[in-house]
Amino acid sequence: MNLQNIVIVLSHPEESRNIGAVCRGMANNNLSDLRIVGKREDYDDERVRILAIHAADLWERAAFFDSITDATKDCVFSAGTTRRRGKKRKGKLLLPEEFAAQASQVSEGGKVAAVFGNERTGLTDEEMLECTMGVTIPSSEHFASLNLSHAVQIIAYQLFREKAQISPGSVPVTLDRLDRTVTTIADNLQKIGFFSVTGRPDMEHFWRAILSRAALSEGEATYLEKVFDKAAGLAQKNHKPASED
């Protein structure tokens, strides 16, 4: 497990002190890459530092983005944390230890993001769609909501404890690169009439989630694109009227 390749993403946190507590929890577990969806000027620097204490350098180095997609585009996969289940919330949700095990498989060669929502609302359905998988922290059904910094601490600790190693040599592609493969697949499926235009977004979300978990190498991504390009070409050729042959 390469903890330097673990990214913590906070989407529009409300309370400056929670950001400070997150910094301290990250430092406790040797994590250092903090990314925030929002604007730095919206937060009170002094209140962040009160709870960050000796981990204030994480706040100083934190990067800010306009969306979860932008914040995770250099990652191999991103896991949105949620306690709610549903069709738009990734279906099967991983437990923290399952997420850590998957992260350990790729963190030597690529970045992995754990994404946390707003303290009041959590991640919305739309924000969950920007992630490639979901992870949930079991808690009491009578009081299921966790404090933001506590949730980060639990996930960070599980990642810290994960000792699995992967074989060197295969560097997974980033989500930004993976989106090119997903677009190629969707373009070719649409060419052969596999789905209507309205069904394309769901298909793209499906392939993005599946392929991110597979941690494709550049060679594998390119090969997959060629397979779908050739399959679509053969399908179109075989459906030409006889007079065109």
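Keep in mind it's a predicted model, so treat the numbers as computed, not measured.

Time to look at the packing of aromatic side chains. Taken as a whole and judged by the stated rule, the model has 4 aromatic pairs. Measuring from centroid to centroid gives 6.3 Å for F77 and F99, while their planes differ by 75°, and the two rings are edge-to-face. Within this pair, whereas F77 is found in strand β4 (residues 75-81), its partner F99 is found in helix α5 (residues 96-106), the two being separated by 22 residues in sequence. By relative accessible area, F99 is classed as buried at 1%.

Judged by nonpolar contacts, the single largest core of 41 residues is most densely connected at I8, L10, I19, L34, F99, F116 and L159. It is helix α7 (residues 148-161) that contributes the most residues to this core, 6 residues altogether. Contact partners of I8, with chain neighbours within four places excluded, come to V22, M26, L31, D33, L34, R35, A114, F116 and V152. Membership of the second largest hydrophobic core comes to 26 residues, among which are V9, A71, C131 and F228.

This brings us to the side chain of N118. Within the secondary structure, N118 is located in the loop between β6 (111-116) and α6 (125-129). Owing to a relative accessible area of 10%, N118 belongs among the buried residues under this scheme. Within the structure, the side chain of N118 is placed 3.3 Å from the side chain of E14, a separation counted as a polar contact. Polar contacts involving the side chain of N118 include one to the main-chain amide nitrogen of T121, which spans 3.2 Å.

Approximately 380 Å³ is the volume found for the second largest pocket. Considering the residues around the second largest pocket, the lining is formed by 23 residues, among which T81, R83, G122, S145 and L146 are closest to the centre. In terms of residue class, the lining of the second largest pocket is built from 8 nonpolar, 10 polar and 5 charged.

Attention now moves to the side chain of E162. Relative to the assigned elements, E162 resides in the loop between α7 and α8 (175-191). One buried charge, E162, has no salt-bridge partner; the nearest side chain with opposite charge is R161, at 8.8 Å. Setting aside chain neighbours within four positions, we find E162 in contact with M1, E97, A100, A101 and S104.

Turning our attention to the confidence of the model for the protein chain. Residues of the protein chain with pLDDT of at least 70 account for 90%, and the chain-wide mean is 88. Here residues 164-168 is a poorly scored stretch, pLDDT under 50, and it has 9 contacts once near neighbours within four places are set aside; other chains count.

Take the pairing of β4 next. In terms of burial, β4 is a largely internal element, 7 of the 7 residues being buried. In this structure, β4 lies alongside β6, joined through 5 bridges in parallel fashion. Paired with G80 across the two strands is V115, which belongs to β6. Relative to strand β7 (residues 133-135), β4 is paired through 3 bridges, and the arrangement is parallel. When the bridges of β7 are listed, G80 appears paired with G134.

This next bit is on the packing of α5 against α7. Where α5 meets α7, the closest approach of the two axes is 9 Å, and the angle between their N-to-C directions is 50°. By the angle between their axes, α5 is oblique relative to α7. Of the two possible hands of crossing, α5 and α7 adopt the one that is right-handed. Contacts between α5 and α7 involve P96, E97, F99, A100 and A103 from the former and I154, I155, Q158 and L159 from the latter. Here the contact of α5 with α7 is built from residues that sort into 7 nonpolar, 1 polar and 1 charged.

What follows is about the pattern of salt bridges. Counting across every chain of the model gives 14 salt bridges. The closest approach of N and O atoms between E218 and R177, which form a salt bridge, is 3.1 Å. Taken together, the residues span a long stretch of sequence, with E218 in helix α10 (residues 218-238) and R177 in helix α8 at a distance of 41 residues. R177 serves as the salt-bridge partner of E225, at 3.0 Å between the closest nitrogen and oxygen.

The next subject is unusual backbone geometry. Notably, H12 is not glycine yet its phi reads approximately 50°, a positive angle. For H12, the location among the structural elements is in the loop between β1 (6-11) and α1 (16-28). Backbone geometry places I53, a non-glycine residue, at a positive phi of 55°. Along the chain, I53 falls in the loop between α2 (45-52) and α3 (56-61).

About the thresholds
- Residues numbered from 1 in each chain as written.
- Predicted model: local features only at pLDDT ≥ 70, side-chain atom pairs only at ≥ 80, totals over all residues.
- Heavy atoms only, no water.
- Phe/Tyr/Trp six-rings, centres within 6.5 Å; stacked < 30°, edge-to-face > 60°.
- Helix = DSSP H or I, 4+ residues; strand = E, 2+ residues; numbered from the N terminus.
- Buried < 20%, exposed > 50% of the residue type's maximum accessible area, 1.4 Å probe, protein only.
- Core = buried A, V, L, I, M, F, W, Y, C linked by side-chain atoms within 4.5 Å.
- Contact = heavy atoms within 4.5 Å.
- Polar contact = N/O pair within 3.5 Å; in protein donor to acceptor, adjacent residues only side chain to side chain.
- 1 Å grid on protein atoms, 1.4 Å probe; cavity = no way out; pocket = protein on both sides within 12 Å on 5 of 7 lines; lining within 4 Å.
- Points joined across faces, edges and corners; volume = space filled by probe spheres on them.
- Nonpolar A, V, L, I, M, F, W, Y, C, P; charged D, E, K, R; others polar.
- Lys, Arg positive; Asp, Glu negative; His and termini not counted.
- Salt bridge = Lys/Arg side-chain N within 4 Å of Asp/Glu carboxyl O.
- pLDDT = per-residue confidence, 0-100.
- Pairing = 2+ DSSP bridges.
- Axes fitted to C-alpha atoms, helices over the stretch in contact; angles between N-to-C directions.
- Parallel < 35°, antiparallel > 145°, perpendicular 65-115°, else oblique.
- Left-handed = near helix turned anticlockwise from the far one by under 90°.

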